[in-house]
Amino acid sequence: MGFARTCSVALVGVEGVVVEVQADLEPGVAAFTLVGLPDKSLTESRDRVRAAVVNSGGEWPQKKLTVGLSPASVPKAGSGFDLAVACAVLGAAERIDPRVLAEIVMMGELGLDGRVRPVRGILPAVLAAADAGYEQVVVPESAAAEASLVPGVSVLGVRSLRQLVAVLTDEPVPEEEPDGQGRPDPLLAGLRVPGAGAATGMHGSGAPQPDHDLADVVGQTSARTAVEVAAAGGHHLFLEGPPGAGKTMLAERLPAVLPPLTRQESLEVTAVHSVAGLLPPGKPLVDVAPYCAPHHSATMQSLVGGGPGVARPGAVSLAHRGVLFLDEAPEFHGQTLDALRQPLESGHVVIARSAGVVRFPARFLMVLAANPCPCGRFSQRDSLCDCPPSAIRRYQARLSGPLLDRVDLRVEVDPVTRAQLTAPGARGESSAAVADRVRTARQRAAARLAGTPWGTNSEMPGRELRSRFHAAAGAMDEAERSLERGVLTARGIDRVLRVAWTVADLVGHERPDAGDVRLALQLRTGIPRGAPMALGALT
């Protein structure tokens, strides 16, 4: 009788659980039994592992073979257990010393010829192994850079099962023939889900397009100010205006003014993108704010996560620490939009399925864009709209009040006039100039919030705002009168104070004064209150 064990990782959402892979050989009729709550793709590993071992020059044991995945109560899915299963079987057959395998965590899919293919979720898997105290991991060669992002772990990248067996048995490591030059490496196919990038509206790895600059936006002083305030404080933004006014242009340029991600934020974003299969092979670490713009026909599962079997991250998680842009927001299904309420408040989304409950991070900056009416030409200043009042009310009511109450900034984007387009020097400030002010404002907020669990003004709870972070004396009088008249809710007045703190950080005030609060009120309600929309007028 032979027995060997090694370890792998099962992913539950973006969190990993270390799984012990045990192999037991007993005399009897040759059979291969896999137990431990595997799914269909994992059950099929019996045939993949057998073919890979034989084609790698090994001898398949002709005995009764039982492979157990422990703990058996955790669902296991995917082909990432192939490498661990193969090594455990070879250890039980005494081809590899079982003592060498016991403290190694292995992840990778095996091809029938013995090549090791990458799988999704390498980064969160290695993070789980490190948290469990393991110091050695074996991953596919093409995913070694991603695994190396975790400090304190020794990473071995292998291209084939033959190479791994040679390393574990102190034999000469064979050289693997490279794949055909000039063609995409087939081993990288496991890192991406076909069509997933187009379905989520991602810009490659989430990075903003290099040709998107705020200087391209002509006019729109109010909207540009709102974009800058949203970036500085992490506030949600609602842009309303006719077609062609520049709402999409503003949203696409918002990621360029956001500050770079910190190391911890980069690991969080990379873990989500790795699990979703959106991590580019040549870029193991996402260090810029992601941008996700799903189409208005997106289902609730594609937006908040879910799907058949094991739940997958949705657009709100792919936009974690970045921007989620919902263009033509009233065209989204009402239930789909209302499903955003919980992640907007909590910063994460919890998905319950029969297979278990998963939790995905979802702290994003939401930008809604909408036309004022079905034809898009409704305005208080002219009568170009042909829509009846009832149609306008129904169209605007598609965005529920509870959802809009969670949006800090609401701006009407006016159409650009001929004079603005043709005026000399019509280009506004560049994204780089705005990004510098945003970075400075974030630093002021971080210094003020040092020692607290919050990093931006939008994350501060209302009780802390009212007890620790007060505005200047008398600055909130107008906001409190709006609360008494029913213009603001209790949540709304807290959000006005959050925006006022962001405005104060941008203009360099120690505490929000009456001017800062007035601008915050104007941005929150969309009602003109005489506040200058240019931030420079407040300094």
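Coordinates for the structure precede this section.
Computed from a predicted model, the values in this text were never measured in an experiment.

## Comments concerning the sheet that holds strand β16 (residues 409-412)
- In spatial order, the strands read β11-β12-β15-β10-β16; together these five strands make up an open sheet with parallel pairing. Looking at which strands have only one partner, the edges of the open sheet turn out to be β11 (291-292) and β16.
- Where strand β10 (residues 237-240) meets β16, four bridges bridge the pair, whose relative direction is parallel. Residue pairing for β16: phenylalanine 238 is matched across the bridge by arginine 410.

## A short note on the packing of aromatic side chains
- Taken as a whole and assessed by the stated rule, the structure comprises three aromatic pairs.
- Look at phenylalanine 469 and tryptophan 501: their rings are 6.3 Å apart centre to centre, the planes differ by 85°, and that puts the pair in the edge-to-face class. Placement of the pair is phenylalanine 469 in the loop between α20 (462-467) and α21 (477-484) and tryptophan 501 in helix α22 (residues 490-507), with a sequence separation of 32 residues. For the residue pair phenylalanine 469 and tryptophan 501, the accessibility class agrees, reading buried in each case.

## Details of helix α7 (residues 161-168)
- The element α7 is largely enclosed, with a buried count of six among its eight residues.
- Those residues of α7 that fall on the buried side of the exposure criterion are Leu161, Gln163, Leu164, Val165, Ala166 and Leu168.
- Immediately beyond the C-terminal end of α7, within one or two residues, lies aspartate 170, with a positive phi of roughly 60°.

## Section: the pairing of strand β12 (residues 323-326)
- In β12, alternate side chains face the same way, and those of Val323 and Phe325 on one face and Leu324 and Leu326 on the other are all buried.
- Judged from the two bridges that link them, β11 and β12 form a sheet pairing that is parallel. Note that in β12 the partner of cysteine 292 across the bridge is leucine 324.
- Note: β12 against strand β15 (residues 365-370), four bridges, orientation parallel. Considered in β15, the bridge of valine 323 is made with leucine 365.

## Overview of the packing of helix α9 (residues 221-233) against α22
- Axis separation between α9 and α22 bottoms out at 9 Å; the angle between their running directions is 100°. In this view, α9 runs roughly perpendicular relative to α22, as classed from their interaxial angle. Taken together, the residues of α22 that come into contact with α9 (itself represented by Glu228, Val229, Ala232 and Gly233) are Val499, Thr502, Val503 and Leu506.
- Of the residues belonging to the contact of α9 with α22, the class tally is five nonpolar, two polar and one charged.

## Some remarks on the pattern of salt bridges
- For the structure on display, the rule yields 25 salt bridges.
- With its nearest N and O atoms 3.6 Å apart, the salt bridge here joins arginine 398 to glutamate 331. Of this pair, arginine 398 sits in the loop between α16 (389-396) and α17 (401-404) while glutamate 331 sits in the loop between β12 and α14 (334-338), and the two are 67 residues apart along the sequence.

## A closer look at the environment of glutamate 146
- Among the structural elements, glutamate 146 can be located in helix α6 (residues 144-147).
- A C-alpha to C-alpha distance of 26 Å links glutamate 146 and valine 53, two positions 93 residues apart in sequence.

## A few points about the nonpolar core
- Counting residues in each nonpolar core, the largest one holds 57 residues, and the members touching the most others are Leu237, Leu254, Val367 and Leu523.
- Here the element with the most residues in this core is α22; it accounts for nine residues.
- By size, the runner-up hydrophobic cluster in this structure holds 39 residues, among which are Val19, Ala88, Val89 and Ile104.

## Regarding the packing of helix α2 (residues 45-55) against helix α3 (residues 82-92)
- Remark: α2 packs on α3, axes separated minimally by 10 Å, with the N-to-C direction vectors making an angle of 60°. Taken together, the axes of α2 and α3 lie oblique to each other. Handedness of the crossing formed by α2 with α3: right-handed. From α2, Ser45, Arg48, Val49 and Val53 reach across to α3, where they touch Asp82, Val85, Ala86 and Leu90.
- Of the residues assigned to the contact of α2 with α3, the class counts are five nonpolar, one polar and two charged.

## Looking at unusual backbone geometry
- The omega angle of the peptide bond from serine 70 to proline 71 is 10°, so this bond is cis rather than trans.
- We note that aspartate 170 has phi near 60°; this positive angle belongs to a residue other than glycine.
- As for its position among the elements, aspartate 170 is in the loop between α7 and α8 (196-200).
- On the accessibility criterion, aspartate 170 (74% relative accessible area) is exposed.
- Positive phi, normally seen in glycine, also occurs at arginine 321, with a value near 65°.
- Relative to the assigned elements, arginine 321 resides in the loop between α13 (315-318) and β12.
- Residue arginine 321 is classed as partly exposed on the basis of its relative accessible area of 24%.

## Some details on the side chain of serine 482
- Position of serine 482 relative to the elements: it lies in helix α21.
- On the basis of relative accessible area, serine 482 is assigned to the buried category, the value being 0%.
- Excluding anything up to four places from it in sequence, serine 482 contacts Val487, Leu488, Leu521 and Arg529.

## A closer look at the environment of arginine 444
- Considering the arrangement of structural elements, one finds arginine 444 in helix α19 (residues 431-448).
- Using a relative accessible area of 35% as the deciding quantity, one classes arginine 444 as partly exposed.
- Note: C-alpha distance between arginine 444 and leucine 506 (62 residues apart in sequence) is 8.8 Å.
- Aside from chain neighbours lying at most four places away, what touches arginine 444 is Asp505, Leu506 and Gly508.
- One polar contact links the side chain of arginine 444 to the main-chain carbonyl oxygen of aspartate 505, over a distance of 2.3 Å.

Thresholds applied
- Residues numbered from 1 in each chain as written.
- Predicted model: local features only at pLDDT ≥ 70, side-chain atom pairs only at ≥ 80, totals over all residues.
- Heavy atoms only, no water.
- Pairing = 2+ DSSP bridges.
- Helix = DSSP H or I, 4+ residues; strand = E, 2+ residues; numbered from the N terminus.
- Phe/Tyr/Trp six-rings, centres within 6.5 Å; stacked < 30°, edge-to-face > 60°.
- Buried < 20%, exposed > 50% of the residue type's maximum accessible area, 1.4 Å probe, protein only.
- Axes fitted to C-alpha atoms, helices over the stretch in contact; angles between N-to-C directions.
- Parallel < 35°, antiparallel > 145°, perpendicular 65-115°, else oblique.
- Contact = heavy atoms within 4.5 Å.
- Nonpolar A, V, L, I, M, F, W, Y, C, P; charged D, E, K, R; others polar.
- Salt bridge = Lys/Arg side-chain N within 4 Å of Asp/Glu carboxyl O.
- Core = buried A, V, L, I, M, F, W, Y, C linked by side-chain atoms within 4.5 Å.
- Left-handed = near helix turned anticlockwise from the far one by under 90°.
- Polar contact = N/O pair within 3.5 Å; in protein donor to acceptor, adjacent residues only side chain to side chain.

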